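Working through the structure, step by step
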Amino acid sequence: MKFRVKMTLWMLALMAVLFGAGGSLLIAGFFQDSLEREKDAAFSSYRMAWSALRIVNGLTPYLDEEAIAQTMEQLCQQNRSAWTALLLTAEGGTIYATDAPFPAGLWGEDPTEADACLIRLAEGPAGERYLLLSAVVETNGEKLCLRTAHAISSLYAMRRSQQETYLRVFGVMALLCAVASYTMSRLLTAPLTGLSRASRAIASGNFSSRVPIRSEDEIAAVSADFNAMAEGMERTVSELHQAVERQERFVGSFAHEMKTPMTSLIGYADLLRGGRLSPAEQAEALDYVYSEGKRLSNLSRKLLELLVVKEQGLPLTEVSPAELVEEFTDRLRPLLAVRRISVECSCQPGTCRLEPDLTWSLLLNLADNAQKALSDGGALAFHQEMLADGCRIRVLDNGRGIPEEALEHLTEAFYRVDKARSRKQGGFGLGLALCQEIAALHNGSIRFANRADIPRGTCVTVELRGGRP
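Residues numbered from 1 in each chain as written. Predicted model: local features only at pLDDT ≥ 70, side-chain atom pairs only at ≥ 80, totals over all residues. Heavy atoms only, no water.

1. Side note on helix α7 (residues 356–372)
The test is simple: By definition, any uninterrupted DSSP run of H or I lasting at least four residues is a helix, any uninterrupted run of E lasting at least two residues is a strand, and each is numbered from the N terminus. Expected helix span is given by 1.5 Å per residue-to-residue step, counting one fewer step than there are residues. Summary of the burial criterion: residues with accessible area below 20% of their type's maximum are buried, those above 50% are exposed, and those between are partly exposed, where the area comes from a 1.4 Å probe applied to protein chains only.
With 17 residues, α7 extends 24 Å from end C-alpha to end C-alpha; this agrees with the ideal 24 Å at 1.5 Å per step. Along α7, the positions that sit buried rather than exposed are Leu-358, Thr-359, Ser-361, Leu-362, Leu-363, Asn-365, Leu-366, Ala-367, Ala-370, Gln-371 and Lys-372.

Structure follows, in structure tokens:
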């Protein structure tokens, strides 16, 4: 059963209990008040007749039935609406009775004590209702019985009419309550329906599904939390897909990197094993075997270095990054001067927490990557500045630049912008991946961008946020 149906049924049940009990008590209370008023009026009429009878009895000590009958007749003519029927009897028979028809069997028993008034309700053969009063008056040793009847069928008819009206009103109220509660519950549960629909969509793989928010209540807050969760899940799944793609590219690139030198090694080893080569050809083949072996050794060293940096958490020490960068550039200038590549350096004094060897490896890989993009006569620039929680190092060159579509893939293992040129220059595509891991070890980041101040060139920005003493 749906929640909106449950809410509708609960609202109907609650309304039936409250409205039903309240209406019934109200009708019963009104009827009881009316009946009490009728009893008071009937008793007043009875007292009037009883007083008249006592007055006559006081004036005529001896029972004069004819005088009493005349008195009752005059009293009934003067107060026709006071009662429906009046009956005065003695032990010898009836003294006076009104002309109005009244079922004789309804009078019942008389009081046993003199001057005592007995009041009771009675129902006629046709369903009519009466209020009966009876009393005994003793005069000269003889007892007179005074009975009065008052029709109260109108009270019961009024109560029945009120109950019928109440039932009609209750039916209309129940219908309105059902419609209102169902509509309200439908409006309230509409966001839950959207949540359910979005949950099923996400379960089926549509992680972009979201719940529309049209209010500011608690359900809207739940919907907002659900949307935030869905966004986080979509982002996580996207990152997982990207990680899987990177892993697949890594495996493919690694297999390709291994295939080329292994093929060369196997080929030249087969030629050497055949013994059909001249000494000069053997020397050339051995050079190829040596160079490809060195290539495999360098590849394994780079991979091992990358894995070590990912796994280990090295302690950081207080270091002057300016001194480190200046020492590195001093060693780099003679090596690049052969290719007519100038090296500039500008540093800001200060100390921060670094791992010196890894920072040196970072600078070495950035310089190696930059010089591969330079032709003879290029320029390299290293700029270092202090931050509140570390330092920033920028490496700028005026080389070929980097295609925009390649910027986000530079730190992926084995990725090369120019695969043929990089392989010819001895690169594996692991240097920048290692730089990213070193920056992450220092709670920092690395960013790549093409320079905007000159037509071509690259700017690499590294932030090392290991803290400052």
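Further notes follow.
2. Section: the nonpolar core
Going by this rule: To qualify as a nonpolar core, a set must consist of buried Ala, Val, Leu, Ile, Met, Phe, Trp, Tyr and Cys residues joined through side-chain atoms within 4.5 Å.
Judged by nonpolar contacts, the single largest core of 37 residues is most densely connected at Leu-332, Leu-366, Leu-380, Phe-382, Val-462 and Leu-464. When residues of this core are traced back to their parent elements, those giving at least two are α6 (321–337), β8 (352–354), α7, β9 (379–387), β10 (390–397), α9 (431–441), β11 (445–450) and β12 (458–464). Within the second largest apolar cluster, 29 residues are counted, among which are Ala-49, Trp-83, Ile-95 and Leu-144.

3. Looking at the sheet that holds β12
To keep things clear, this is the line we draw: Paired strands, in this sense, are two strands between which DSSP finds at least two bridges. Helix axes use the C-alpha atoms of the stretch in contact, all axes being lines fitted to C-alpha atoms, and the angles between their N-to-C directions lie in the range 0 to 180 degrees. Any two residues whose heavy atoms approach within 4.5 Å at even a single point are treated as in contact.
Taken together, the 5 strands give an open sheet; going across it, the order is β7-β9-β10-β12-β11, and neighbouring strands pair in mixed fashion. With one partner strand each, in any of the chains shown, β7 (342–346) and β11 form the two edges of the open sheet. Across the sheet, the mean angle separating the axes of adjacent strands is 15° when strand polarity is ignored. In the sheet, β7 pairs with β9 via 5 bridges, with the strands oriented parallel. The residue of β9 that forms the bridge with Ser-346 is His-383. In the packing of α6 onto the sheet, the strands contacted are β7, β9 and β10, and the crossing angle to β9 comes to about 175°. On top of the sheet, α9 reaches β11 and β12; it is set at about 135° to β11, its chief contact.

4. Comments concerning a nonpolar patch on the surface
Filter applied, for reference: In this analysis, a patch consists of residues with relative accessible area above 30% that form no salt bridge, clustered at 9 Å for like charges and at 5 Å for the nonpolar side chains Val, Leu, Ile, Met, Phe, Trp and Tyr. Shrake-Rupley sampling with a 1.4 Å probe provides the accessible areas, and residues are treated as covered by the protein chains on show and by no other component. In the sections that follow, a salt bridge refers to a side-chain nitrogen of Lys or Arg positioned within 4 Å of a carboxyl oxygen of Asp or Glu.
A contiguous nonpolar surface patch, about 380 Å² in accessible area, is contributed by Met-11, Leu-14, Val-17 and Leu-18. With respect to the secondary-structure elements, Leu-14 resides in helix α1 (residues 3–59).

5. Quick notes on the pattern of salt bridges
Working definition: two side chains of opposite charge can pair if their charged atoms are close together. As enumerated under the stated definition, the model contains 9 salt bridges in all. A salt bridge links Glu-463 to Arg-465; the shortest N-O distance between them is 2.8 Å. For Glu-463, a relative accessible area of 8% translates into the label buried. Members of the salt-bridge network, linked through shared partners, are Glu-385, Asp-389, Arg-392, Arg-447, Glu-463 and Arg-465.

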